[in-house]
Amino acid sequence: MAGKTGSDLEDLRGLLAEVKALREDVERQGAGLRTSWGVGADQTSPRMLNLSHYLALREHDLTDLQYRLAARGLSSLGRSEGQVALALDTLIATLRRLTGEPGAAYPATPSATAGAAELEAEANRLFGRRQRGGPHARVMATLPPEAAAEPEFVDNLVAAGMDCARINCAHDDAEIWGQMIENVREAAARLDRPCRVLMDIAGPKCRILRVKAPPKTRLLRGDRVVLVDELREKTKEPIAFSLNFPELVDQLVVGSEVFIDDGKAAARVVSKAAGRAEIEVYAAREKGVRLKPGKGVNFPSTELDLPPLTSKDFRDLDFIAEHADLIGYSFVQRVDDVELLQDHLVARAPKREPHGLVLKIETPLAVRNLPALILQAAAHNPTAVMIARGDLAVELGFARLTEMQEEILWLCESAHTPVVWATQVLDSYVRDGVASRAEMTDAAMAQGAECVMLNKGPYLAEGVAFLRDVLARMDRRRTKKFARFASLKEWA
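So, here is what we can say about the structure in this document. (Residues numbered from 1 in each chain as written. Predicted model: local features only at pLDDT ≥ 70, side-chain atom pairs only at ≥ 80, totals over all residues. Heavy atoms only, no water.)

**As for the overall build of the chain**
Argument step 1. Across its full length, the chain carries 17 helices and 19 strands.
Argument step 2. For a compact globule of 492 residues, the expected C-alpha radius of gyration is about 23 Å, and the chain comes in at 25 Å, within 12% of that figure.
Argument step 3. In terms of overall dimensions, the chain has C-alpha extents of about 90 × 60 × 55 Å along its principal axes.
Argument step 4. Per-residue burial over the chain gives 50% buried out of 492 residues. (Helix = DSSP H or I, 4+ residues; strand = E, 2+ residues; numbered from the N terminus. Rg over C-alpha atoms; globule rule 2.2 N^0.38 Å. Buried < 20%, exposed > 50% of the residue type's maximum accessible area, 1.4 Å probe, protein only.)

Structure below.
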């Protein structure tokens, strides 16, 4: 107590009372959340308990309190995701000691790393133990068709450090997938380097089915075109197109947004009739955007009613359930979606260990439901979350994505759930052999995840090795949000 003025002591007591009240509120609100999830006290896992505490903590705007704590050299709670209650209890113990309260014991030291240990254990279950000397984040690579026909291609990927091979089931067929998997298993055995196989269910990805337009038509700002549920030969519209899910047309209303080709053209519905929606382009590249079959279409302002698994997905699951280590669940949005896939996997492979599930977060509804999705998946399967930044950027908007990818990382850390950082990582490098400066920054940010995904390209093996180098360098600088103050050699 020596050296403290009356004002100091009063200030510290005020902080103590404030943090105690926050701790009580976190416990109370967390219990309420667990009740709303239908979880009894005897069913609460460490993951579920901490997730409920984190969500309760983040109900509060703690900015002012954080600054006042930091000014005293105290924890600002800015790295509390892994163990929320422990962080608060430790801070309270410190404040009690500073205010002279007797018997202010700190929580047991080993518990400080329990959340991080559970997260690492789940990452090991999903992606295998990281290689000695390798980066914290594993590397996932999307296999191109040549991975089926050229075993040496897969050898190069595994030798470069691929920890997980991704097969996109939107392309190719079971015969090609089987050959890819055989080549991965054989390469992993030859090189004595484990490599998991993730098979990505295609899901209800909305795409342009048919187009009626003059040759080489490009959509420009101000253009109007018609979206129809069925494009007939006698359609009178000069420019019209249909979708692979025709029922979506009647789910739109005037004002609904329609994004074409990953948001390269943005439009709104300006008039509506049964089976028909006229849309006007309000943003597009200067040279315009081609309107052609196969291009993706997003409806960011509309909560679409689509089945989570298509007829193709059900057929593919017969193969996937037998051969995949991990399953990527595209466009999952609701708890019922997760239950549906879990039921079908058990029905098809009742005797095998549960598959790892990778929940691909691609829509605003999936973001809102993320805590419930994680809890349902993790109750029966090893579970990870993929930040599928392609569709998510279109659905949320690119500006919102910049903060949402961080928020998902934080929430998943609180749920002790690994994250896969995906979409266009080192895209130029994998495609052209040279990385852009912006891509380097993105790859460095990916170090906060447990796995980083590369898409296919001519320089994929080189991209795997390059990404591992970037991730290892960043490991020396930080762990999650914890900055590591290793010595700086440049100015020594």
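**Notes on the sheet that holds strand β15 (residues 383–388)**
Argument step 1. Taken in spatial order, the eight strands line up as β1-β2-β3-β13-β14-β15-β16-β17 and close into a barrel, and their pairing is parallel. Recorded for the sheet is a direction-independent mean angle of 25 degrees between the axes of neighbouring strands.
Argument step 2. When strand β1 (residues 138–142) meets strand β17 (residues 451–454), the two strands line up parallel, connected through four bridges. Considered in β17, the bridge of Arg138 is made with Cys451. (Pairing = 2+ DSSP bridges. Axes fitted to C-alpha atoms, helices over the stretch in contact; angles between N-to-C directions.)

**What to know about the sheet that holds strand β8 (residues 257–260)**
The pairing of strands in a sheet happens through backbone hydrogen bonds and is either parallel or antiparallel.
Argument step 1. The strand order β4-β7-β6-β10-β9-β8-β12 describes an open sheet built from seven strands, whose pairing is mixed. Where the open sheet ends on each side, the last strands, each with one partner, are β4 (208–212) and β12 (297–298).
Argument step 2. Judged from the four bridges that link them, β8 and strand β9 (residues 265–273) form a sheet pairing that is antiparallel. Opposite Phe259, over in β9, you have Ala266 as the bridge partner.

**Quick notes on the pairing of strand β14 (residues 356–361)**
Argument step 1. Where burial is concerned, most of β14 is hidden: six out of the six residues are buried.
Argument step 2. Every second residue of β14 is oriented toward a common face, with Gly356, Val358 and Lys360 on one face and Leu357, Leu359 and Ile361 on the other, all of them buried.
Argument step 3. Bridge count for strand β13 (residues 326–329) against β14 is four bridges, and the pairing is parallel. The partner of Ile327 across the bridge, within β14, is Leu357.

**Details of the packing of helix α9 (residues 311–323) against helix α10 (residues 335–348)**
Argument step 1. Across the interface, α9 lies against α10 with an axial gap of 9 Å and an inter-helix angle of 55 degrees. What the angle tells us is that α9 and α10 run oblique. Seen from above, α9 lies across α10 with right-handed handedness. Touching Phe314, Leu317, Asp318 and Ala321 of α9 are Leu340, Leu341, His344, Leu345 and Arg348, all from α10.
Argument step 2. When grouped by side-chain class, the residues that make up the contact of α9 with α10 number six nonpolar, one polar and two charged. (Parallel < 35°, antiparallel > 145°, perpendicular 65-115°, else oblique. Left-handed = near helix turned anticlockwise from the far one by under 90°. Contact = heavy atoms within 4.5 Å. Nonpolar A, V, L, I, M, F, W, Y, C, P; charged D, E, K, R; others polar.)

**Here we look at the side chain of Arg468**
Argument step 1. Looking at where Arg468 falls in the secondary structure, it is placed in helix α17 (residues 460–475).
Argument step 2. This buried residue, Arg468, is left without a salt bridge; Asp163 holds the nearest opposite charge, at 4.0 Å. (Lys, Arg positive; Asp, Glu negative; His and termini not counted. Salt bridge = Lys/Arg side-chain N within 4 Å of Asp/Glu carboxyl O.)

**Structural notes on helix α1 (residues 6–36)**
Argument step 1. The end-to-end C-alpha distance of α1, which contains 31 residues, comes to 45 Å, matching closely the 45 Å that a straight helix rising 1.5 Å per residue would cover.
Argument step 2. When α1 is considered as a whole, its buried residues turn out to be Leu9, Leu12, Leu15, Leu16, Val19, Leu22, Arg23, Asp25, Val26, Gly30 and Arg34.
Argument step 3. As for α1, its buried residues are in contact with α2 (46–57), α3 (63–71) and α4 (84–98).
Argument step 4. Note on α1: the residue one or two positions beyond its end, Gly38, has a positive phi of about 75 degrees. (Expected span 1.5 Å × (residues − 1).)

**Concerning the pairing of β15**
Argument step 1. Of all the six residues making up β15, six are buried; the element is thus mostly covered by neighbouring parts of the structure.
Argument step 2. On β15, burial covers both faces: Thr383, Val385 and Ile387 on one face and Ala384, Met386 and Ala388 on the other are all buried.
Argument step 3. In terms of strand pairing, β14 meets β15 through five bridges, oriented parallel. Following the sheet pairing, Ile361 is matched in β15 by Ile387.
Argument step 4. Alignment of β15 against strand β16 (residues 419–422), held across four bridges, turns out to be parallel. Each residue of the ladder has a partner; that of Met386, found in β16, is Val420.

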